[in-house]
Amino acid sequence: MTATLERHAPEPRTGPPALDVRGVSKVFGSGEDAVVALDGVDLSVAPGEFVCLLGASGCGKSTLLNLVAGLDRPTSGTVETTAARPAVMFQEAALLPWLDAGRNVELPLRLAGIGRAQRRERARELLALVRLEGQAAKRPHELSGGMRQRVALARALAAATGLGGEGKSREEAGVLLMDEPFGALDAITRDVLQAELLRVWEATGTTVLFVTHDVRESVRLAERVVLLSSRPGRVVREWATSTADDAEELHGDITGELREVISAHGR
Amino acid sequence: MAADSTTTTAATAATTDDDAVDLGRGLDALDTPTEQRTPLWKRLLTGVVPPIVAVVLFVVVWQILWASAIWPEFKLPSPEAVFGTIGTDVADGRALSIIWTSISRAVLGFLLAVVIATPIGLLVASVPLVRSAIGPVLTGLQSLPSVAWVPAAVLWFGLNDQTIYFVVLMGAVPSIANGLVSGIEQVPPLLPRVGFAMGASRSQSARLIMLPAALPGFLGGLKQGWAFAWRSLMAAEIIATSPSLGFGLGAYLNEGQALSDMPSVMAAIILILIVGIGVELLFFRPAELRVLRARGLGTGP
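Residues numbered from 1 in each chain as written. Chains lettered and ligands numbered in written order. Predicted model: local features only at pLDDT ≥ 70, side-chain atom pairs only at ≥ 80, totals over all residues. Heavy atoms only, no water.

Novice: I'd like to hear about the sheet that holds strand β1 (residues 19-28) of chain A, residue by residue, with values.
Specialist: Residues and elements named next belong to chain A. Spatially, 3 strands are ordered β2-β1-β4 in an open sheet, and the strand pairing comes out antiparallel. Only two strands of the sheet have a single neighbouring strand rather than two, namely β2 (35-45) and β4 (76-81). On average, adjacent strands in this sheet sit at an angle of 20° to one another, irrespective of strand direction. Across 7 bridges, the pairing between β1 and β2 is antiparallel. Note on β2: the bridge partner recorded for D20 is S44. Each of β1, β2 and β4 touches helix α1 (residues 61-69); the most contacted strand, β1, lies at about 120° to it. (Pairing = 2+ DSSP bridges. Helix = DSSP H or I, 4+ residues; strand = E, 2+ residues; numbered from the N terminus. Axes fitted to C-alpha atoms, helices over the stretch in contact; angles between N-to-C directions. Contact = heavy atoms within 4.5 Å.)

Written out as structure tokens, the structure is:
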């Protein structure tokens, strides 16, 4: 698993999508207080693709992520994933404070009934992948915020890919759902972790659906940026970052559109 | 694609992979919280010395008050007389048998209370209907002094061990159950969500996530439950005395009063205190510190 920061043009992806969201609506509450969080959202993510869901607060991007994760049910529409269970990462690392880093990473494997020796070996592998080799015995409170978030990434990868192994196809590489995972970190740590995430994504071929409100982050990370409107959340536009010649221009485009979506609420 | 955008970010510095690794390592090194462990002698100095000094001061004040003879001897005996009573009781083995009678009851009652309170706590915490039905009762019982149960228990069970254990249970069960409930309540809601997202079943989530997460609160409940068990036992032993009940610390205290033997009364109070504090210091404090420290929550010595 060699890691480089150089981006190659995405290979053409075939086969069924790793994630397929069809006509999904989500309404919270009922009657007059009902809030339509999502309205007829269609989204399809190819295996191995990196997609950012971009939107202002209240656009239902986290709601959509929860629906895909199976943490909540849509009011109407369907969510299909090839992965048995997509792994989720939140803004907080949400590590179990009584377990050391290694056992936190092992937890999804333990829940899946995988034996001690195997899961320990896999946790060691994954911690090395996120550059935390030798830190397995540390408790969460002994780690920095950035390191905790990397343990959470390793744990999510364990959940998404199980015991993993070389030569797995993209379909088996799992689906990773990330809900503003770097939102609580300082700028430079966030920057390093974005690079790490890209490296890990390229090394594992995992499908990533990444929620953010940061345009720059979405342009840097994703192959495809999907903009959601707010209340109700609808897909406004998508951009493929690979076809844009100038990242700054793309950034400007997306920011303009996002501002337009937000100001529509002020009128 | 996004390679272009990285040139506009701070990652420009990370032109090569090695630089990125160094940057990451540097951040890890700088941001890792440093834990300062106070050396043993310092912890002993700050943890053990102050209470000893306080006790010595207390005895000195007592000695001065006794020497100034404000109160008659039968009201305020000298420290020497009281510790002398404890000394002779310990020497002839009487103290040990008295303490053993009480401690064995308290421990058995406490363990019984744990066995009863744990399922009640789990039920109250996890079933909303049960919670709204008996949650307030549980909290109410906690503020009801368990001595209040002694007359009822004597009438129900007569003067025997059942009465004693009943009063101990009524004292300890609500505390332990409430401790477990509040422990479970204080679990951050994100933890069970993460567990579910990782594919935990209901029982796995309870066993591997909720219960360990609730452990600090549960331990707090156990600690309070022990204090209540010990208190209730003393109350029961003082009020319900009978030859058939054996001779515990409460009965010893009661006998001192009956004989107007102030040194015995004070000796009994001191022994009751020592046992209560001793169990807390020997068992509950270390367990609590261990659990809290493992989670980075430990404070103090």
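Continuing now.
Novice: Just give me the short version of the packing of aromatic side chains, but keep the residues and values in it.
Specialist: Per the stated rule, a full pass over the model turns up 13 aromatic pairs over all chains. When the ring of F50(A) is compared with that of W201(A), the centres are 5.4 Å apart and the planes differ by 80°; the resulting orientation is edge-to-face. You can see F50(A) sitting in strand β3 (residues 50-54) and its partner W201(A) sitting in helix α5 (residues 187-204), a full 151 residues away along the chain. Just as F50(A) is buried, W201(A) falls in that class too. One aromatic cluster in this structure is built from F50(A), F182(A), W201(A) and F210(A). The ring of F228(B) has R231(B) sitting right over it, with the charged end atom 4.9 Å from the ring centre. (Phe/Tyr/Trp six-rings, centres within 6.5 Å; stacked < 30°, edge-to-face > 60°. Buried < 20%, exposed > 50% of the residue type's maximum accessible area, 1.4 Å probe, protein only. Lys NZ or Arg CZ within 6 Å of the ring centre and 35° of its normal.)

Novice: Talk me through the domain arrangement of chain B; I want residue IDs and the actual numbers.
Specialist: All names here are of chain B. The domain architecture assigned to chain B consists of domain 1 (43-76) and domain 2 (77-294). Here domain 1 and domain 2 have C-alpha centroids that lie 29 Å from each other. Around 700 Å² of area is buried between domain 1 and domain 2 when both sides are counted, 70% of it from carbon and sulfur atoms. Inspection of the domain 1/domain 2 interface yields 0 salt bridges. There are 1 residue pair in polar contact (both at pLDDT 80 or more) connecting domain 1 and domain 2. (Domains from an automatic or database assignment. Buried area = accessible area lost by both parts, 1.4 Å probe. Salt bridge = Lys/Arg side-chain N within 4 Å of Asp/Glu carboxyl O. Polar contact = N/O pair within 3.5 Å; in protein donor to acceptor, adjacent residues only side chain to side chain.)

Novice: An account of a positive patch on the surface is requested, with residue identities and associated values reported.
Specialist: Together, R103(A), R110(A), R116(A) and R207(B) line one region of the surface with positive charge. Checked against the element boundaries, R116(A) lands in helix α3 (residues 116-129). (Patch = residues over 30% accessible without salt bridge, like charges linked within 9 Å, V, L, I, M, F, W, Y side chains within 5 Å. Areas by Shrake-Rupley, 256 points an atom, 1.4 Å probe, with all protein chains shown as cover. Lys, Arg positive; Asp, Glu negative; His and termini not counted. Charge placed at Lys NZ, Arg CZ, Asp CG, Glu CD.)

Novice: Before we move on, can you summarise unusual backbone geometry with the specific residues and values?
Specialist: Positive phi values are uncommon outside glycine, yet R131(A) reaches one of about 60°. The residue R131(A) is located in the loop between α3 and α4 (145-161) in this model.

Novice: I'd like to hear about the pairing of β1(A), residue by residue, with values.
Specialist: Residue and element names in this part refer to chain A. Joining the antiparallel neighbours β1 and β2 is a turn of 6 residues, in which G29 adopts a positive phi near 75°. Of the pairings in the sheet, the one linking β1 to β4 comprises 5 bridges and is antiparallel in character. The residue of β4 that forms the bridge with V21 is V79.

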